[in-house]
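# Close look at the chain arrangement
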Amino acid sequence: MLSQPIYPCIWFNNQAQEAATFYCTLFSDAKIISGNPIVTQLSIGGIKLMLLNGGNKYQPTAAISYYVYCSSKAEQKKIYDAFTEKGKILMPLDKYVWSEQYAWVADEYGVNWQLDISPINSTQTIVPSLLFANEKFTLVKEAASMYTSIFQNSTILLESPHDANPTIPDGTLLFTQFKLSGFIFNAMSSNYAHDFDFSPGNSFVIECENQQEIDFYWEKLGDNGRYDMCGWLADKYGISWQIVPAILGTLMGDAEKAPRVIQAFLQMQKFDIETLLNA
C-alpha cells in the first residue's frame, strides 16, 4: 500500500466499487488495494484514492477535480473517450494557450477530471485541483499560504497571476501548485459566476500517527470553519478534511472489535485514539 498521509476521498451514491473497477480499466497503473461495503481504496497515478459509499446526501463537486498528467496522446484520448461516453464535456479535447492538448470532463459518476498532455516532474501524475470561484476567487494565494504553513514538508512550487485587469485585484493568482507533506495540489481561480462550491462530496483524508497530530490538524484546519462528526471538518474556505488515526484501518479489520469501534467513533467529532483502543 502507498505510504501517504494525505489522500483524496470521493463520495459516491453506492457506486464506489463499480467506479473503482471502471477506473482500473482506464489507468494502466491502477489497482484496488482494499475494499469493504463502505469504502474502496485504490492506487492510481501515484496516489491513494478512497471511494466512499455515502448514499445520496452529497455528490462530487466541480470545485474539486483531478488533474491527470497523461503520458501520451493515446492514453489521453482513451481516458477522454471513456469518461465522455456516459459523462459530459466541460472543455473539449483541443489545443489551448496553456497546453498542446487538454480537456475538462465529468465522468458518469459526476467526478471531474482535467486531462493534460503536459509533463509533470513527479511520480504523482494525478493531482487534486481546487477551484476558487465566485466570492472566493481572490483567495488562492491566501489558501496555499495557510496550507503550507500547517503541513510539514510543504512548499509553493509555482504561482501564475491573472493578467492585468481593472476588475481583478493585483496579485490575484490564476493558478498555483503546492506540496503538502510531499503530496501535490493544484489550485486555480475563476472570476466567472459558477453554480457550485466546495462540498463534502470531495474531501481529503489525513492519517495521523498519534493523538497529538489529530489535535493539531483538527484545531488548525477547523479554525474559522465547521466541525462535523466522525473526524470530518470543513476549513474556512469550505474544503472538507477527514482527520483520522492511521490505526483505524487495523481496528476496523478486527471482526470482533470493529462493531465497538464504529459505535465509539459515531459519538465523536474529533477522533480520540485511546477511546477507540479501549472500545
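Below you will find a few notes about this structure.

Turning our eyes to something else, we now look at the nonpolar core. The biggest cluster of nonpolar side chains holds 80 residues, and the ones touching the most others in it are Tyr23, Phe27, Trp113, Leu130, Tyr147 and Trp241. If we skip the residues at most four places from it in the chain, tyrosine 23 touches Phe12, Ala30, Leu42, Ile44, Leu51, Phe83, Asp107, Tyr109, Val111 and Trp113. Counting residues in each nonpolar core, the second largest holds 9 residues, with Tyr69, Val127, Ile184 and Met188 among its members.

Among the 6 residues in strand β16 (residues 240–245), 6 count as buried, and that is most of the element. Side chains Ser240, Gln242 and Val244 of β16 all project onto a buried face; the interleaved residues Trp241, Ile243 and Pro245 project onto the opposite face, where all are buried too. Here 3 bridges tie strand β15 (residues 232–234) to β16, and the two strands are oriented antiparallel to one another. Along β16, the bridge assignment pairs tryptophan 232 with glutamine 242. Between β15 and β16, which follow one another and run antiparallel, lie 5 residues, and glycine 238 among them has a positive phi close to 95 degrees.

With respect to the secondary-structure elements, tyrosine 7 resides in strand β1 (residues 6–12). The buried category is assigned to tyrosine 7, whose relative accessible area is 2%. Along the sequence, tyrosine 7 and lysine 257 sit 250 residues apart, while their C-alpha atoms lie 26 Å from each other. Once residues lying within four places of it in the same chain are set aside, the contact partners of tyrosine 7 are Gln41, Lys48, Met50, Ser203, Phe204, Val205 and Glu207.

What follows covers the sheet that holds strand β6 (residues 88–96). As a general point, the strands of a sheet are linked pairwise by backbone hydrogen bonds and lie either parallel or antiparallel. Within the open sheet, the 8 strands sit side by side as β6-β7-β8-β5-β9-β12-β11-β10. Their pairing is mixed. The outermost strands of the open sheet, each flanked by one partner alone, are β6 and β10 (155–161). Here the average twist between neighbouring strands, direction ignored, is 20 degrees. Direction of pairing for strand β9 (residues 126–133) relative to strand β12 (residues 183–190): parallel, over a ladder of 5 bridges. What sits directly across from alanine 133, in β12, is serine 190.

The next thing to look at is the packing of aromatic side chains. Enumeration according to the criterion identifies 32 aromatic pairs in this entry. Seen from their ring centres, phenylalanine 132 and phenylalanine 198 are 5.2 Å apart, and the 75 degrees between their planes marks the pair as edge-to-face. Separated by 66 residues along the polypeptide, phenylalanine 132 in strand β9 and phenylalanine 198 in the loop between β12 and β13 (202–208) bring together distant segments of the chain. Owing to a relative accessible area of 9%, phenylalanine 198 belongs among the buried residues under this scheme. Taken together, Phe132, Tyr147, Phe151, Phe178, Phe183, Phe185, Phe198, Phe204, Phe216, Tyr217, Tyr237 and Trp241 form an aromatic cluster joined through their ring pairs.

Counted by the stated rule, this structure contains 1 cavity of 30 Å³ or more. Volume-wise, the largest cavity comes out at about 30 Å³. If you trace the largest cavity, you find it lined by Ile10, Ile47, Leu49, Tyr66, Trp113 and Ile126. A breakdown of the residues in the lining of the largest cavity according to their chemical character gives 6 nonpolar, no polar and no charged.

Conventions we followed
- Residues numbered from 1 in each chain as written.
- Predicted model: local features only at pLDDT ≥ 70, side-chain atom pairs only at ≥ 80, totals over all residues.
- Heavy atoms only, no water.
- Core = buried A, V, L, I, M, F, W, Y, C linked by side-chain atoms within 4.5 Å.
- Buried < 20%, exposed > 50% of the residue type's maximum accessible area, 1.4 Å probe, protein only.
- Contact = heavy atoms within 4.5 Å.
- Helix = DSSP H or I, 4+ residues; strand = E, 2+ residues; numbered from the N terminus.
- Pairing = 2+ DSSP bridges.
- Axes fitted to C-alpha atoms, helices over the stretch in contact; angles between N-to-C directions.
- Phe/Tyr/Trp six-rings, centres within 6.5 Å; stacked < 30°, edge-to-face > 60°.
- 1 Å grid on protein atoms, 1.4 Å probe; cavity = no way out; pocket = protein on both sides within 12 Å on 5 of 7 lines; lining within 4 Å.
- Points joined across faces, edges and corners; volume = space filled by probe spheres on them.
- Nonpolar A, V, L, I, M, F, W, Y, C, P; charged D, E, K, R; others polar.

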